[in-house]
Amino acid sequence: MIAAQDLHTEFQFPQEPESPFSPDPDLEDPDGKNAKARKGMAARKGKKALGDKAKGGGAGKVPGPGRANGHHQENGMESMTLFEVVKTGKSATQSVVDDWIEAYKLERDTALLDLINFFIQCSGCKGAVSGEMFRNMQNSEIIRKMTEEFDEDSGDFPLTMSGPQWKKFRISFCDFIAVLVRQCQYSIIYDEYMMDTVISLLTGLSDSQVRAFRHTSTLAAMKLMTALVNVALNLSINMDNTQRQYEAERNKVVAKRANDRLELLLQKRKELQENQDEIENMMNAIFKGVFVHRYRDAIPEIRAVCIEEIGVWMKLYSDAFLNDSYLKYVGWTMHDKQGEVRLKCLTALQCLFHNRELGTRLELFTSRFKDRIVSMTLDKEYDVAVQAIKLLTLVLQSSDEVLTAEDCESVYHLVYSAHRPIAISAGEFLFKKLFSHQGPEEEGLPRRGRRSLNGSLIKTTIFFFLESELHEHGAYLVDSLWECGSELLKDWETMISLLLDEPVAGEEALTDRQETALVEIMLCAIRQACECHPPVGRATGKRVLTAKEKKMQLDDRTRITEMFAVALPLLLAKYCVDIDKVTNLLQIPKFFDLDIYTTGRLEKHLDALLRQIWEVQDKHTDTEVLEACSTTYHYLCNEEFTIYNRVDITRSQLLDELVDKFNRLLEDFLQEGEEPDEDDAYQVLSTLKKISAFHNAHDLSKWDLFTSNYRLLNTGLQNGDMPEQIVIHAMQCTHFIILWHLAKVSDGSSLTSDMVTLRKQMRAFCLMCQRYLSSINTAVKEQAFTILCDLLLIFSHQMMSSGREQLEPLVYTPDSSLQAEMLNFIMDQVFIDQDDDNNSTDGQQDDEACKIEALHKRRNLLAAYCKLIIYNVVEMNTGADIFKQYMRYYNDYGDIIKETMSKTRQIDKVQCAKTLVLSLQTLFNDMLSELGLLVDRSTSAFCGIKELARRFSLTFGLDQMKTRDAIAMLHKDGIEFAFKEPSPQGEGSPPLNLAFLDVLSEFSSKLMRQDKRTVHTYLERFMTFQMALQRDDCWMPLISYRNSLQVGGDDDTMSVISGISSRGSTIRSKKSKASTASKRKLPEEENSCSSTDAAWVNREQNVQTPVMMHSPHLTSTVLRDPKTMRPEESYTAAYAMPIEQHPHQHVPPQQQQQQQQQQQLHPHQQAAIDYNTQVTWMLTQRQQAEARQQQERVSMHYAKMRNHMQQTIRRGSGLMEDDEEPIVEDVMMSSEDINEGMDFDTMDIDLPASKNRRERTELKPDYFDPSSIMDDAVLNVSMF
């Protein structure tokens, strides 16, 4: 029911009756007066009044043309319903609405019934409202009836279904509501019948516990509200125009004043005011009946719909809605736990801040919720974070004073984010903040050059880059600013001017640090322009460039070449001695278009560039600079371009000079009888570093450097006083020599003698590196180990793959001594404590950066060796010493070791299992050597081994069939190890390694059922008769291991134990007969074990295995079905009942005779058996009592839930009656939940109190947990 007198005070629209505006004839309503004649009755009546009106108003009228029973007709035949017409989308929405309006004017009850069924069917309900139901039933009764006809098999409904058809349906559904209100805005919506009925229905549906009804009706109500807001806006404009006309007419002199026109204007203004009051009434009903409750619904999609639409209302009709009373809902919902809802809040606010006039009216809201918006820039949902940054950018544009320096800094650092959309949004914010403000003193500056506006902006970029101190990656900053500031970043002319030109008077020159930053930013901008993709770590997938982007890329590359071909030699000459600047500058030529050197007549600049590169390599010995020079020569020496000959001549001259100098210095350096001085060593080292750097990118085979380097390395081994850097670079250079030789041999164009030479050189060099593994210098050993790992992997048996069988003579397999030395290196250099690492330079052992660098180096060494294991270059069992370190060094190398175990298991599961158990055995032996022969299983060492075994067990996964053989072999090796060494204390004491069985029991759960019996049989081969009788603590590993191999339910003793300890004993007791049957089939199952399992279990008859003494079987009542127990089986009867007289248990005659003989031979065992029977019977009785109580609780819970559901349906019948309020709290978040942790003292705006809070104790119990607000499921029970 819509009561205008109740809602008008809560929903006030600003009115300006004194404002003179001109009328709009297009918005006049010729039928407006007639529409007002029907007012009065419905405002005082509820749904029943509407029903009475339906009975008398159109009962005797003939349905309109083209419609029958609410269905469209074509050629006299019934076609489609309104829902089907909208769903197919074949008819224009305008024509569909016009048809419905025509039908409504002829027979409004039938047309309105069609509209009601439209909303019902749009919810996915299969039912339909009949005319009789519409006339005789309340809304709540109709909704309950429709709920019963819902399809319970599927939770989908049209608004949530996927596919293009349903996406189009949602759009058509919303358009239909908007067009319907627009077409009815002059007459029908004021008849107090159609809108009252629709709003009442949607309000009732939005309160339903069925999500489909609630979601669909909420969307419809919000779209209806949006359409009414448009109507109210038009009415407000018309009122202003009418008022303006009235004021203009009244201000005329009396002689020219038209009194009849004044009366018409007054009458028109009165009608418009009444219409506006009616529209306000409707909007109040929707806002308070639907929005206030559904904006905190349990379903995030419903909350998102509400927030999205309130943003539209604020934008459309800001005079009425853009105030704190409505903004508070958006502010509160920004704390929603679902990213989708938070995203709608931000997009709604962005629409408001886009308009500068509206932005000035949001000052109070911004001051209250600014901190929340700033914190959302770090939202876990990337889309939300992006929109939060964009909203802050709009806030920044509206006012510079709103955001503080701390707020801006929290956004600045996001330009270095790995997520590119966030970084680009932060870059736009940074660009607006720092670069968009142009002062009056900068207006007359030139466009390019050192003193241009871009010059000052580039300096600002440099200052920001240096002061951020968060990252040193200029590529990330350039990529973030590229979309909004590419014009600035492409101003390389200004950058060159800042680097080369002298500062003018009064201008502050750039410091060395600032110049270095400028060179890095310039290089990153060049790379971004030429490659057109984000830096590493920020790529979002391969993107195909458009034709426009390709053209821009070519233009930029041409401009870069023309500009830097001239400027680069000058820059290199100026910064020739600066390592950082030169390294970056030498990377610029690889982005050149080398044809321009010829077409642009720039050969002299090419010669200048080559001269500068020669001078740079001559002055520097730094590895990075030398590698940059080598890479530049490699790019310029391209045979496809005409400049190749010019560059190749220069390169050959340079290499000739370097090789001649090296050979000359080496002869002097290795002269016998003379001790080389430091200057000679430095000369040899610098020349060797240059040759090594160039050999990395260029083939120097024609200079035959292997002999010189091998001689140098051999001398270092013999004398032992060779400087470590010379040895390291000699190894590296020799390594490059072999690789270039292999590349030449692999082409197939070389002679057989070349392959023989390569084989000799490779084996000699590997032997040399092996000898260097025992060097006292750590850096030399690391270099030798790394090169050995590379060579062994390259020259392994896999080099013959892909049809390269001719390389078989080059295959090199390491011998056992080399494998042992490499493993010892790993154990000595990798698995060490952080404090023991003394490799940090300059005594900075406590420096965190040095520790991280050292750890990274050790991880690389371990990964290199693990690759040898994975590719079967070294024996897999060598990995045992690595696997045993899994727990101790888990934080440092856990990922590498785990991946190695996974790869080795894929290669050979059995051998991997043997390696794992070998690693456990190694740890066990180490523990014995440290702690002594007497094993204490409570020590931390033993617990660590057992925990490692548990971790190993978890790596085998859940598929027992795949790991069956591997697990069986693991147990076999473990059992043999446990009984391998006899006890040092003599016979009668446990074997030395018996405690290892306790470790081995961690893998028992991975055994299949039949394999447990096989392993148990194999275990019995190593046991003696006396071992089976032992119960001392020292024999507990054997006892626990045997118990872990027992198959569940195979003997009665285990059943009794499990029945005592397990909560599920009642369930297990129901399966007692099946388990007993399986027990009788045990011998057959043992004989049917697979041949694989029997391969290592000798079952020959001539082998004598110790006979195990079996425990006496107990006839446990736990194994019996509780339903078969008679009430007369009392405690006394169970205690005194003989074994053979237990009911429901068939005993063969032969077994009865054996039992009687045992009773005669061992009468003392009868009491023990009776006692066990007594205890077991008592446990069974207790379990049965617990089961009965559990069943009663389940029944009571089911009855209670059914009663609640019945009460829900009963109460639903009167939801929309005059004397009841809609029940909405059951499907919403409480305001305490949504506003948790929020302080609203700064704004005096509160949620309107719910009218039915006072009736809370009389309402049905909640089926919706407010804490489940983030879950997709609304109900605790299954509902549609």
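The rules we used
Residues numbered from 1 in each chain as written. Predicted model: local features only at pLDDT ≥ 70, side-chain atom pairs only at ≥ 80, totals over all residues. Heavy atoms only, no water. Helix = DSSP H or I, 4+ residues; strand = E, 2+ residues; numbered from the N terminus. Buried < 20%, exposed > 50% of the residue type's maximum accessible area, 1.4 Å probe, protein only. Contact = heavy atoms within 4.5 Å. Areas by Shrake-Rupley, 256 points an atom, 1.4 Å probe, with all protein chains shown as cover. Phe/Tyr/Trp six-rings, centres within 6.5 Å; stacked < 30°, edge-to-face > 60°. Lys NZ or Arg CZ within 6 Å of the ring centre and 35° of its normal. Salt bridge = Lys/Arg side-chain N within 4 Å of Asp/Glu carboxyl O. Patch = residues over 30% accessible without salt bridge, like charges linked within 9 Å, V, L, I, M, F, W, Y side chains within 5 Å. Lys, Arg positive; Asp, Glu negative; His and termini not counted. Charge placed at Lys NZ, Arg CZ, Asp CG, Glu CD. Axes fitted to C-alpha atoms, helices over the stretch in contact; angles between N-to-C directions. Parallel < 35°, antiparallel > 145°, perpendicular 65-115°, else oblique. Left-handed = near helix turned anticlockwise from the far one by under 90°. Nonpolar A, V, L, I, M, F, W, Y, C, P; charged D, E, K, R; others polar.

Engineer: Just checking my understanding: could you explain the overall build of the chain for this structure?
Structural biologist: Each helix and strand in the chain was counted, giving 56 helices and three strands. Taking all 1280 residues of the chain together, 49% fall into the buried category. Across the chain, the fraction of contacts at a sequence separation of at least 24, relative to all contacts at a separation of at least 6, is 76%. For the chain, the accessible surface area stands at approximately 63200 Å², while carbon and sulfur atoms represent 49% of it.

Engineer: How should I be thinking about the packing of aromatic side chains in this particular structure?
Structural biologist: Here the distance between the centres and the angle between the planes together describe a pair of aromatic rings. Summed over all chains, the structure comprises 39 aromatic pairs. Ring pairs connect the aromatic residues F287, F291, Y295, W313, F321, Y326, Y329 and W332, which therefore count as one cluster. Here the basic side chain of R108 rests over the ring of Y193, its NZ or CZ set 4.1 Å away from the ring centre.

Engineer: Please clarify how unusual backbone geometry should be interpreted in this entry.
Structural biologist: Across residues other than glycine, the phi torsion is negative in most instances, and most of the peptide bonds are trans. Phi is positive for R601, which is not a glycine, with a value near 55°. Structurally, R601 can be placed in the loop between α28 (595–599) and α29 (603–619). Assessed through its relative accessible area of 69%, R601 is described here as exposed. The backbone phi angle of N872 is positive, close to 60°, even though this residue is not glycine.

Engineer: Please explain the pattern of salt bridges as it appears in this structure.
Structural biologist: Two side chains that carry opposite charge are able to pair once their charged atoms sit near each other. Summed over the entire model, instances satisfying the criterion amount to 34 salt bridges. Between D407 and K370 there is a salt bridge, and its shortest N-O distance comes to 3.1 Å. Of this pair, D407 sits in helix α20 (residues 405–412) while K370 sits in helix α18 (residues 363–375), and the two are 37 residues apart along the sequence. Here D407 falls in the buried class, since its relative accessible area comes to 9%. Note on K370: relative accessible area 14%, which makes it buried. A salt bridge links K946 to D998; the shortest N-O distance between them is 3.1 Å. Of this pair, K946 sits in helix α42 (residues 940–954) while D998 sits in helix α44 (residues 996–1000), and the two are 52 residues apart along the sequence.

Engineer: Explain the environment of A111 to me, please; I cannot follow it from the model alone.
Structural biologist: Relative to the elements of secondary structure, A111 occurs in helix α6 (residues 108–122). Placed 12 residues apart in sequence, A111 and D99 show a C-alpha to C-alpha distance of 9.8 Å.

Engineer: Looking at this structure, how should I read helix α47 (residues 1036–1044)?
Structural biologist: Every buried residue of α47 is accounted for by P1037, L1038, I1039, Y1041 and R1042. On its buried face, α47 is in contact with α43 (964–978), α44, α45 (1009–1020) and α46 (1025–1029).

Engineer: Would you take a moment to explain a negative patch on the surface for this structure?
Structural biologist: A surface patch of like charges, here negative, comprises E615, D618, D656, E657 and D660. Broken down by secondary-structure element, the contributors of at least two residues to the negative patch are α29 and α31 (644–669). Counting residues per element, the negative patch draws most heavily on α31, at three residues. Note that D618 resides in helix α29. Owing to a relative accessible area of 46%, D618 belongs among the partly exposed residues under this scheme.

Engineer: Honestly, the packing of helix α15 (residues 324–333) against α18 in this entry has me stumped. Any pointers?
Structural biologist: The relative placement of two packed helices is expressed as an angle between their axes plus a distance between the axes. Put simply, α15 and α18 touch, their axes get as near as 11 Å, and they point 25° apart. Between α15 and α18, the interaxial angle falls into the category roughly parallel. Of the two elements, α15 crosses α18, and the hand of that crossing is right-handed. Contact residues: α15 offers D324, L327, G331 and W332, while α18 offers L364, F365 and F369. Along the lines of polarity and charge, the residues of the contact of α15 with α18 split into five nonpolar, one polar and one charged.

By themselves, these observations are geometric and do not establish any function.
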